[in-house]
Amino acid sequence: MKLAEVELRRVRLPLMTPFRTSFGVQLDRDILLVRVTTADGVEGWGECVAGTDPLYSPEFTEGAQVVIREHLLPRLLATPERPLAAHRVGPALAAVKGHPMAKAALEAAVLDAELRASGVSLAGFLGGVRGRVAAGVSVGIAESVPALLDTVAGYLDDGYRRVKLKIEPGWDVTPVAAVRERFGDQLALQVDANAAYGLADARQLAELDEFGLLLIEQPLPEDDLRGHAVLARQLRTPLCLDESITSARAAADAIALGACQIVNVKAGRVGGYLEARRVHDVCAAQGVPVWCGGMLETGIGRAANLALAALPNFTLPGDISASDRYWRRDLSTEPFVLEDDGCIRVPDGPGLGITVDQDWLDEVTTAVEHHAP
Ligand code: NPQ
Ligand code: MG
């Protein structure tokens, strides 16, 4: 595959409703998209999941764009191996430390172009075994418990199969107890702290044990694997890691240390869909179930997440919601919708298997730059 052009495009999309986590409130998304065009005129798309501000992880949209322009693209375009293949992208960029979300976006675009050119779906390429995946929804920290109950009721009405509540110190046992009380023991329920607690909060977190949660996600800081291992021994509820799992090796380490019993897989956090598959494989080999995380992606990133979630060890519902959970109008021509049983179809066309809505994309674009080899 010969690259003819790389486009970096910034898009601003307002969210349907503000999304509050322990690290901040998100009103809209300022997204960086990568579009590669091959010499044969085949396009490939990648979505960078970095946030506007470096609050979830060190990366942020503006920084990712600088890193891609100044450090990643020059290396990629100078790769002696021609034609360029997606499996060469990671090695070509490895000398640059960190910046997994920037690297993942670039690899995703090259992979999409390569698969579109050869007529293979991303799910098929990765080794997906199911054509539909169960949809979960991530529910932000609310103004009040009644407001939270209304929001959750709406999502259950929509048909979501699993609910994840964002928690932080001061918003944990009370909202969880209220949701359990209102919606019953059958509701698949889990919580995500985004690293907002310390080991000193172990007794508070242990109070969540009585609510039959599927898991507690990332209670402690990203680099505190030992703390998670200590905490895991004080809880009955399984611990799941998100921010801490930065690679397949990190996943293997966390599992070996007893720091988690379940893993959240996000391609952006681990540097791409190829490394995400390796995280899946490491966990599968250790009998650790995984699920697909989400970063409020547009249809471009969501299509790739659906393909990833089709792999066999993705046995828990992911943070993969329908388009209308996030956007009034998505960037793909066909929105992702929940089917009657709360599942979303995995695209089966070549590459990402979606068509980008170019008119809408142009309307919400705030900046574009082009690069050629
Ligand atoms: C998580 N996602 O699992 C993340 C957190 C998150 C769906 O809960 C911009 C940048 C917006 C980073 C929104 C969900 C974000 C973001 C959510 C991270 O921890
Ligand atoms: Mg998380």
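A few points on the structure. (Residues numbered from 1 in each chain as written. Chains lettered and ligands numbered in written order. Predicted model: local features only at pLDDT ≥ 70, side-chain atom pairs only at ≥ 80, totals over all residues. Heavy atoms only, no water.)

What follows covers the coordination of the magnesium ion (ligand 2). Around the magnesium ion (ligand 2), the protein contributes the donor atoms D192 (OD), E217 (OE) and D242 (OD), at 2.1 to 2.3 Å from the metal centre. Counting the intervening residues between successive donors of the magnesium ion (ligand 2) yields the motif D-x24-E-x24-D. With D192 in strand 7 (residues 189-192) and E217 in strand 8 (residues 216-217), this pair connects stretches of sequence that are 25 residues apart. For E217, a relative accessible area of 0% gives the class buried. (Donors = N, O, S within 2.8 Å, 3.2 Å for Na, K, Ca; no water. Helix = DSSP H or I, 4+ residues; strand = E, 2+ residues; numbered from the N terminus. Buried < 20%, exposed > 50% of the residue type's maximum accessible area, 1.4 Å probe, protein only.)

Let's shift gears to the pairing of strand 5 (residues 136-139). Side-chain alternation along strand 5 places G136 and S138 on one buried face and V137 and V139 on a second face that is also buried. With four bridges connecting them, strand 5 and strand 6 (residues 162-166) associate as parallel partners. Bridge pairing in strand 6 places G136 opposite R162. As a crossover connection, the stretch from strand 5 through helix 5 (residues 145-158) into strand 6 is right-handed. (Pairing = 2+ DSSP bridges. Right-handed = clockwise from strand over helix to strand, strands pointing away.)

Counting residues in each nonpolar core, the largest one holds 126 residues, and the members touching the most others are L165 and L208. With ten residues, the top contributor of residues to this core is helix 3 (residues 100-118). Apart from residues lying up to four places away in sequence, L165 is in contact with V139, L148, V152, P175, V176, V179, L189, Q190, V191 and D192. (Core = buried A, V, L, I, M, F, W, Y, C linked by side-chain atoms within 4.5 Å. Contact = heavy atoms within 4.5 Å.)

Residues in close proximity to ligand 1 total 18 residues, the closest being S138, K164, K166, N194 and G294. One of the side-chain nitrogen or oxygen atoms of K166 is found 2.9 Å away from an oxygen atom of ligand 1. A distance of 2.7 Å separates an oxygen atom of ligand 1 from a polar atom in the side chain of N194. Every element with two or more residues in the shell around ligand 1 is listed here: strand 2 (24-38) and strand 6. (Near = heavy atom within 4 Å. Polar contact = N/O pair within 3.5 Å; in protein donor to acceptor, adjacent residues only side chain to side chain.)

Okay, the sheet that holds strand 3 (residues 43-48) next. Ordered by their spatial adjacency, four strands build an open sheet running 3-2-1-13, and the pairing between neighbours is antiparallel. If you trace the sheet from one side to the other, it starts and ends with strand 3 and strand 13 (365-371), each paired once. Going from strand to strand, the sheet's axes swing by 20 degrees on average, the running direction of each strand aside. Judged from the six bridges that link them, strand 2 and strand 3 form a sheet pairing that is antiparallel. Residue pairing across strands places R35 opposite W45, the latter belonging to strand 3. Contacts from helix 3 reach strand 2 and strand 3 within the one sheet, and its direction differs from that of strand 3 by about 155 degrees. (Axes fitted to C-alpha atoms, helices over the stretch in contact; angles between N-to-C directions.)

Counting through the fold element by element, E7 comes out in strand 1 (residues 3-21). Overall, the relative accessible area of 4% leaves E7 in the buried class. In terms of polar contacts, E7 uses its side chain to reach the side chain of R9, at 2.9 Å. Sequence-distant contacts of E7, that is, excluding residues within four places in its chain, are made with L33, V34, R35, V368, E369 and H370.

Attention now goes to the sheet that holds strand 5. With respect to topology, seven strands assemble into an open sheet ordered 5-6-7-8-9-10-11, the strand pairing being parallel. Taken across any chain shown, the strands that pair with only one partner, and hence form the sheet edges, are strand 5 and strand 11 (290-292). Packing against the sheet, helix 11 (residues 273-285) makes contact with strand 10 (262-265) and strand 11, and its axis sits at approximately 170 degrees to strand 10.

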